[in-house]
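Structure at a glance
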Amino acid sequence: NGGYMGRGQVANSGVAGNAAVHFVMEAAEPNGPLHIARTYFFSNGGAGSRVLTYDFDGIETQQDNNMLQRGGRCAYARCLIMAYCAVMHVHKKLVRAFCQGQAADESSLAKLALSWIGDLQLDWLRNYDVAANLEVRLMSLDLQGNMATSQADSRHVKYLKVALRHICSLDQTPVDLGSVVFGETFLVPPGPGQEAVVVTEQIEAHCAWTVDAQEQDTECMTSLLNRLSFSSKNRHYSMGALVREDAIEGVRMLTGIPEMPVVPGQLWIFQRGLIFSSARLGSIALDFAKHLGSFGYFNTDNQARDGDKTAVLSFGLKSKLDRYGILEASLSIPPSSIVFSTGHADRRVLVRDVLPDWLKWFKSEEVDISPLDGIPAGFSDAEPLSEIEWGSEPLSVDIVSQPKIQSYLTTLQALDARLHRGKALETDSNVAAERPDRTQACRLIVVLGEPGCDKHKLVQGAMELAGLATRWKLVSYKNPRSPLDLSDADLAATILQALPDVSAEGGIGLIVSSGASAAAVVSAVVDNAKLQTHVYLERVVAIVNATSMLCPGNVAHEASVTAQCAAGLVSSIVLVNIEALGDQVEDIQKRLRSINPLATVIRAVAGRVSATRDLESFFQLTTDEGPWFQRDKVRIMRQQLFTESHLSLQSHSSDPWSTRRGLMVQAHIDMPRDVVFVRPNLVRAIRSLFVSPRETLGKYVEESRSRGTIAMELGHMSALVHMVQSERAEDVANSKLYMVKAKRGIVTFTKCDGEVAQSKPGVRVSGRNLDPVKLVSILFEGRKPISELQKDRVAVDVTKEERAKILEGEANYPLPEGVFFNGSKYVNWEGETLKQHPCMDEMIEDYLKQEREGMANSNSEISAARAVYQVQLDQCTASALKAVSHSF
């Protein structure tokens with residue numbers, strides 16, 4: 001149901017081969033807990049009222065053709081829509097009952113649902129066996145999307161789905177119309193009296209489109225509007241002329257129906273009427289003379305009210321007005337008013353150009369007019385929560401500042417604090433008490449970044465420029481098993497081992513090469529009892545690889561960057577490899593500032609931080625200032641964003657993607673010293689190992705299924721290898737040791753000098769589902785290719801060009817008796833012309849004999865080279881198998 005359905009399928013997949021009336025969609029997040037289920041309709045349930053139009057001769061019709069026939073497929077649609085509204089209504093009550101403890105499992109929820117559907121007493125379902133066709137499913141999911149035990153008080157995400165199967169029509173012989181399904185993902189409130197947080201509620205719950213038969217209404221309306229807008233002299237006999245040539249965009253019709261409270265569309269303004277047109281549902285015409293009984297208005301003064309940019313117009317009806325069928329097929333009785341809400345720009349148009357003439361006509365017709373204090377009771381509007389413009393209207397979005405979500409987060413933080421610490425959040429007094437004595441403890445600056453950013457070289461160069469190299473001790477930490485995990489004990493040991501070498505005026509610079517979050521690193525340092533009396537955390541600096549942020553749509557990496565640059569934890573962000581960004585540097589900086597507004601963003605030029613102000617921000621050279629990490633503004637932000645328990649649990653958290661995508665591991669592979677790579681070949685080999693960030697999810701899943709296992713996914717590679725620049729003979733004999741780094745297909749080379757040039761070659765890789773054999777075999781494609789073994793040839797294999805070259809040596813082969821050469825061809829005494837030299841076969845055989853002698857020597861060299869290559873490959877593969885197996 002969630003797949004794409006072509007027009008041919010929709011046109012004949014309904015009842016009795018007719019067009020489909022609805023479709024059911026159920027979707028799940030691939031590596032997460034989100035699930036939804038929706039039922040959408042290919043019919044609006046019936047067209048709305050429309051005015052009399054012109055005939056083909058240009059004369060206004062005098063017969064009432066407002067009513068379109070609402071039988072057949074439309075009746076089926078209304079039956080399904082009514083059943084779907086019942087399912088949505090019951091689903092909302094079931095969520096509330098589950099959160100309040102009235103039901104704890106699927107069976108008890110199903111009993112409640114059956115009772116509540118019966119209480120609705122829907123006439124559309126009078127011949128329908130609800131008990132036999134009702135389905136209620138409850139799932140509890142962790143953040144990876146794995147099933148868990150469904151308990152109301154657990155922190156797991158809940159997914160509740162309600163469905164009615166095999167809904168029957170009201171025909172004399174009932175027809176099976178199919179199913180309606182509705183499902184939402186929600187979080188159980190942590191405190192009593194609070195509402196559940198429905199995570200998927202922003203996904204449209206109720207939606208429909210017009211079908212071919214119902215598009216007649218839209219065509220008639222369009223014909224009328226085109227004729228009237230063509231000339232101001234054209235007028236409608238009842239509603240008059242158009243006041244504006246164009247429609248007012250961004251108008252919302254407030255329905256008063258909870259299943260579909262707002263219908264967006266456009267408004268055509270007439271002198272004595274209006275036409276509201278929805279792109280999905282069609283048009284509704286409101287003829288004031290025929291339909292209007294009263295009129296109310298709000299915020300229609302020349303100056304808008306403070307904090308309220310919308311205008312509201314309420315039209316009370318005195319006679320029946322046919323609305324969209326999807327609004328009439330509702331559990332609620334349609335209100336006796338039609339209400340419209342407009343945005344800020346459209347409000348001024350109505351106030352200035354439209355409303356004065358309307359009010360004048362209303363008074364002349366003695367229509368009841370009254371101002372309103374706001375939106376009429378029973379109606380609701382989509383609250384504009386953002387200043388982002390969408391057309392002429394603000395885009396309606398959901399944000400964390402909503403009271404319901406804020407209440408949920410606040411209560412959750414308090415529970416976390418009591419659960420893991422036995423107390424509430426930190427107060428100013430106990431924070432001061434827990435701070436280490438700065439006169440006794442050593443300063444600690446943590447530099448955090450993903451592997452492959454040349455962090456050590458950057459920090460060491462910055463320390464030398466700042467004059468700190470002799471006083472500060474620079475140490476590095478990396479987990480040998482996984483680039484995502486931290487070991488509290490190993491990290492503390494690394495810091496404590498450096499303490500004896502630090503001068504009284506200096507400090508320790510700790511470089512953490514890991515994909516772990518800033519919260520995990522901070523927790524590993526601050527919560528370690530051995531470190532609390534010896535060091536105090538001065539600041540945390542994050543290093544971000546600019547080339548990694550060039551990959552669009554990589555949600556996992558965006559989340560990693562956000563976690564490593566967290567506000568309240570990180571003081572400075574250093575952007576490296578900016579040379580690859582070009583004009584995009586400013587955009588990347590804006591993105592980083594939006595992640596952490598308190599942090600200073602530093603540009604590293606050619607891998608170096610050299611500006612004085614950047615060095616001051618990096619090391620806090622002004623000693624009279626307190627530690628950045630303990631400043632009041634920073635501490636307050638940290639308290640708002642993180643609970644103590646959250647930080648404490650970060651260092652012990654595991655990789656959330658391991659069960660779905662494979663465990664992230666790191667392996668070091670030894671490389672034989674005599675292996676020499678060719679730069680262009682090595683680049684191609686390395687790039688083929690990295691999955692393209694633009695690869696579609698469908699292709700990735702298809703390949704994974706075809707292999708039977710999840711594909712290998714490399715995160716980073718660094719290597720020390722002997723390399724030449726090309727396959728030329730003069731280059732092959734002059735190989736040098738290079739540092740090669742690759743991440744997401746971007747490969748960089750650095751020539752090794754000094755002591756590093758004597759280092760042992762090797763490769764360090766990190767990734768998921770590492771395949772040692774495949775990894776090494778593809779990597780070794782970066783060597784100079786070995787020619788294939790040459791095969792013996794026969795006479796028929798000799799080419800025309802080679803035969804011509806063989807004839808150049810004919811002097812060594814005298815012509816036999818009875819054959820002579822007449823200057824152009826060979827002829828015998830009988831006058832017969834020969835096609836080739838009479839000794840050509842002998843000449844070819846001698847040519848092939850010489851070739852075989854040279855080929856034997858060449859094949860011997862090729863076989864020897866292949867044997868060497870195979871030994872190198874076997875040694876490296878054995879090292880890779882051992883390294884990967886030890887990583888688990």
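What you are looking at is a predicted structure, and each value in this text was computed from that prediction instead of being measured.

In terms of burial, strand β10 (residues 273-278) is largely enclosed, as six of its six residues are buried. Residues Gly-273, Ile-275 and Ser-277 line one face of β10 and the alternating positions Leu-274, Phe-276 and Ser-278 line the opposite face, and both faces are buried. Of the pairings in the sheet, the one linking strand β9 (residues 262-270) to β10 comprises five bridges and is antiparallel in character. When the bridges of β10 are listed, Ile-269 appears paired with Leu-274. Between β9 and β10, which follow one another and run antiparallel, lie two residues.

Before going further, it helps to spend a moment on the sheet that holds strand β22 (residues 572-576). Reading across from one edge, β19-β20-β18-β21-β22-β23 is the order of the six strands in this open sheet, with parallel pairing throughout. Only two strands of the sheet have a single neighbouring strand rather than two, namely β19 (473-477) and β23 (600-603). Between one strand and the next, the sheet's axes are offset by a mean angle of 25°, whatever the strand orientation. The sheet strands contacting helix α16 (residues 585-595) are β21 (535-545), β22 and β23, and the helix crosses β23 at an angle near 150°.

So, about the environment of Asn-44. Along the polypeptide, Asn-44 turns up in the loop between β2 (35-41) and α2 (73-99). C-alpha of Asn-44 to C-alpha of Cys-74: the two residues are 30 residues apart in sequence and 7.9 Å apart in space.

You can see Thr-255 is positioned in the loop between β8 (248-254) and β9. Side-chain polar atoms of Thr-255 contact the backbone oxygen of Met-260, separated by 2.5 Å. Aside from chain neighbours lying at most four places away, what touches Thr-255 is Met-260, Pro-261, Val-262, Val-263, Leu-327, Pro-335 and Phe-379.

Let us look at the confidence of the model for the chain. Looking at the chain, pLDDT values average 78 and 78% of them are 70 or higher. Below pLDDT 50 for its whole length, residues 384-401 participates in 34 contacts with residues either more than four positions away or in separate chains.

A word on helix α24 (residues 772-779). Of all the residues in α24, the buried ones are Pro-772, Leu-775, Val-776, Ile-778 and Leu-779. Angular distribution of buried residues about the axis of α24 spans 165°; they occupy a single face of the element. At its buried positions, α24 is contacted by β24 (664-670), β25 (676-678), α21 (679-689), β26 (713-724), β29 (762-768) and α26 (840-886).

What follows covers helix α3 (residues 106-120). For α3, with 15 residues, the first-to-last C-alpha span of 21 Å sits near the 21 Å given by 1.5 Å per residue. For α3, the full list of buried residues reads Leu-109, Ala-113, Trp-116 and Ile-117. The buried residues of α3 all sit within an arc of 100° when viewed along its axis, so they share a single face. Exposed residues on α3 whose side chains face more than 90 degrees from its buried face are Lys-111 and Asp-119.

It is worth spelling out the sheet that holds strand β30 (residues 819-821) at this point. Strand order in the open sheet made by the three strands is β30-β31-β32, with antiparallel pairing throughout. The sheet is open, and its two edges are formed by β30 and β32 (833-834), each paired on a single side. In terms of strand pairing, strand β31 (residues 826-828) meets β32 through two bridges, oriented antiparallel. By the bridge assignment, Tyr-826 is partnered in β32 with Leu-834.

On to the pattern of salt bridges. According to the stated counting rule, one finds 14 salt bridges in the structure shown. For Glu-328, the salt bridge goes to Arg-78, with nearest N and O atoms at 2.4 Å. Of this pair, Glu-328 sits in helix α7 (residues 325-328) while Arg-78 sits in helix α2, and the two are 250 residues apart along the sequence. Residues joined by salt bridges that share partners form a network here, namely Glu-26, Glu-135, Lys-161 and Arg-165.

Once that is clear, we can look at the pairing of strand β5 (residues 157-164). With eight of its eight residues buried, β5 lies for the most part within the structure. The side-chain alternation of β5 yields two buried faces, one formed by Val-157, Tyr-159, Lys-161 and Ala-163 and the other by Lys-158, Leu-160, Val-162 and Leu-164. As defined by bridge partners, strand β3 (residues 134-141) adjoins β5 across eight bridges and the pair is classed as antiparallel. What sits directly across from Leu-134, in β5, is Leu-164. When β5 meets strand β6 (residues 180-187), the two strands line up antiparallel, connected through seven bridges. From the neighbouring strand, Val-162 faces β6, where its bridge partner is Phe-182.

Rules used throughout
- Residues numbered from 1 in each chain as written.
- Predicted model: local features only at pLDDT ≥ 70, side-chain atom pairs only at ≥ 80, totals over all residues.
- Heavy atoms only, no water.
- Buried < 20%, exposed > 50% of the residue type's maximum accessible area, 1.4 Å probe, protein only.
- Helix = DSSP H or I, 4+ residues; strand = E, 2+ residues; numbered from the N terminus.
- Pairing = 2+ DSSP bridges.
- Axes fitted to C-alpha atoms, helices over the stretch in contact; angles between N-to-C directions.
- Contact = heavy atoms within 4.5 Å.
- Polar contact = N/O pair within 3.5 Å; in protein donor to acceptor, adjacent residues only side chain to side chain.
- pLDDT = per-residue confidence, 0-100.
- Arc of directions from axis to C-beta.
- Expected span 1.5 Å × (residues − 1).
- Salt bridge = Lys/Arg side-chain N within 4 Å of Asp/Glu carboxyl O.

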